[in-house]
Amino acid sequence: MAQQGIQMDQEKLSCSICLDLLKDPVTIPCGHNYCMNCIRTHWDGEDQKETYSCPQCRQMFRPRPDLKKSTMLADLVEEVKKTRLESAPADLCYAGPGDVSCDFCTGRKLKAVKSCLQCLVSYCDQHLQPHYDVAALKNHKLVDPSKKLQENICSSHNEVMKIFCRTDQQCICYLCSLDEHKGHDTVSAAAERNDKQRVVGLNQEKIQQRIQDREKDVRMLQQKVEVINQSADKAVTNSEETSKDLIHLIEKRNSDVKQQIRSKQTDEVRKVRDLQEKLKQELVELRRRSSELGQLSQTEDHIQFLHNYPLMSNLSESTNPANISSVHHLQYFDDVTVAVSKTRDKLQDILKEDWTKTSPRPQDVSGLKILPPAEPKTRAEFLQYSRHLTLETNTANRDISLSQGNRKASVDGVSFFRTLRMMISIDSGELGPINNLQVHSAESLTGRCYWEVDWSGRAVLVAVSYTRRNMLSKSGFGTNATSWALYCLNDRFEFRHNNIITPISFPPSSRIGVYLDHSAGILSFYRVSDTMTLIHRVQTSFTQPLYAGFLVGYGSTVQVL
């Protein structure tokens, strides 16, 4: 009720010109009240008529009435303002920084509750009331408060844009349709909105369907994650149990070996102690006989000397030490150490081979391809996968000299005719005469590996192969399906695999970088300098661990860095 009273007071004390509460209220002769500034402005427009009328009742006045502020009305207006402020919280009445304010309010503006698309003005509750009461305003389109009403005004004609030009796909006013858009395909903005609203509805349906599909995909992938995690946890548990069993077996075998060693130690020490005790007893006896013989030799009585001589001259057989050095059977312990080392090496090879078989490969998960890490580009990135390689002496031909910790291989120069024959063999692809000048790495290669090679001389070969073959075999690197070889000659490069020769148009380089991604089946050869330059690249499928291999021509040298 109090709110209704306030609303009635506001209507009585509102200016019919500005529709706001009276400011400096005045009462003209007909009894109607106006803001002093509003009625003055209205009458200023009637000066040429020399008669002045009331905006409400149209009563005419001559001369122009003298205006004086009505103190009583001013007090009533202030009371209404005060009551209005007290009746509504400030945060619900006044517009804040993010609110749309009423365009008719003066001073501190109230929040707008509606915007009129015809008037292009935003109104608070008070100033919106005429749109509900005045018949001419009831047909106006009211929308939620908007700060973008000016965007509805044509910048060329300052008219409201109510038409849509389909030819130019833009909103226009009615003057635009008669001018630059004349003859274009135009419809009302409402009609175009209805057409596009249908498209929006269809797109919303499609988007909602996509959302449902993607949510389903996300749930499926989450289930896959759970399955993967469960499988991985199970595999880890099984691996830990198997590893524990393996460790238990190794520990048990180690305990048995230690027991055998200690048992052998005890037996050998007992034998040595027994012999040592016999020798000590013999020493006591020998010292006693030596003392007796000394006494005999000092006997002055010849008869007594001769009488005791037979008893002293017959020495008992000395204990035969049976070559004391042979008592220490150290070879047994050395053999045990070698046997344990060989077992360790075999176990390492088995573990490496099995790990290669179980290495993860790129897979597809519900259409999402999981790609391997990117291939290195710079030398610093390649060196992250650097492998320390040494050359296996058992695979090196007797003509090959190994040095610098078995990382450098060289072959002395030979006669002109032998060197010429070697070069002819390389050019013809028949490498039988020099196949034996090969050597393999001691380490097997799996996963991602990188190594660099410096070479000098007439010809060398940098290769990888599955097995460390007998170097006397006539099957050389690149002549079979199990080896891949880059031939480095002093004037060119060649790549050979399965006896197929691929010439490479690339200037010679004394340093070669080799990159291997075993699981991805990538083998690449690079020219190493300030930048990495690809010489040749192989994409295949490796099924076994690889070994680095080298062929060293006569008068040539290869060094693994």
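These remarks concern the structure in this document. (Residues numbered from 1 in each chain as written. Predicted model: local features only at pLDDT ≥ 70, side-chain atom pairs only at ≥ 80, totals over all residues. Heavy atoms only, no water.)

Under the definition given, this model contains 23 salt bridges. Across the pair Asp217 and Arg214 runs a salt bridge, and its minimum N-O distance is 3.0 Å. Taken together, the residues span about one helical turn, with Asp217 and Arg214 both in helix α8 (residues 189-297) at a distance of 3 residues. Overall, Asp217 belongs to the partly exposed group, its relative accessible area being 29%. What emerges from the salt-bridge pattern is a single network uniting Arg166, Glu192, Asp195, Lys196 and Arg198. (Salt bridge = Lys/Arg side-chain N within 4 Å of Asp/Glu carboxyl O. Helix = DSSP H or I, 4+ residues; strand = E, 2+ residues; numbered from the N terminus. Buried < 20%, exposed > 50% of the residue type's maximum accessible area, 1.4 Å probe, protein only.)

With that settled, the discussion passes to the packing of aromatic side chains. Here the structure, examined in full by the defined rule, presents 10 aromatic pairs. Summarising the aromatic geometry, the rings of Trp484 and Phe542 are spaced 5.2 Å apart at their centres and angled 85° between planes, so their arrangement reads as edge-to-face. Note that Trp484 is positioned in strand β18 (residues 483-489) and Phe542 in the loop between β23 (532-539) and β24 (546-552), a separation of 58 residues in sequence. The buried category is assigned to Trp484, whose relative accessible area is 4%. By relative accessible area, Phe542 is classed as buried at 2%. Residues Phe493 and Phe506 carry aromatic rings whose centres are separated by 6.3 Å and whose planes lie at 55° to one another, so their mutual orientation is tilted. Note that Phe493 is positioned in strand β19 (residues 493-497) and Phe506 in the loop between β20 (500-504) and β21 (511-517), a separation of 13 residues in sequence. Per residue, the accessibility class of Phe493 equals that of Phe506, and both read buried. Through a chain of ring-to-ring contacts, the aromatic side chains of Phe382, Tyr385, Tyr450, Tyr515 and Tyr526 assemble into a single cluster. Above the ring of Tyr94, the side-chain terminus of Arg108 is found at 3.9 Å from the ring centroid. Sitting over the ring of Tyr487, Arg496 keeps its end group 4.6 Å from the ring centre. (Phe/Tyr/Trp six-rings, centres within 6.5 Å; stacked < 30°, edge-to-face > 60°. Lys NZ or Arg CZ within 6 Å of the ring centre and 35° of its normal.)

Relative to the assigned elements, Asn33 resides in strand β2 (residues 33-35). Sequence separation between Asn33 and Ser14 is 19 residues, and the spatial gap between their C-alpha atoms is 8.3 Å. Once you skip the residues sitting within four places of it in the chain, Asn33 turns out to touch Leu22, Val26, Thr27 and Leu73. Of the polar contacts made by the side chain of Asn33, one reaches the side chain of Thr27; its length is 2.6 Å. (Contact = heavy atoms within 4.5 Å. Polar contact = N/O pair within 3.5 Å; in protein donor to acceptor, adjacent residues only side chain to side chain.)

Attention now moves to the side chain of Glu392. Its location among the elements puts Glu392 in the loop between α11 (379-383) and β13 (400-403). Relative accessible area serves as the criterion here: at 19%, Glu392 is assigned to the buried category. If we ignore the near neighbours within four places in the chain, the residues touching Glu392 are Val439, His440, Ser441, Ala442 and Arg468.

Fair warning: the whole summary comes from geometry, so function is off the table for now.
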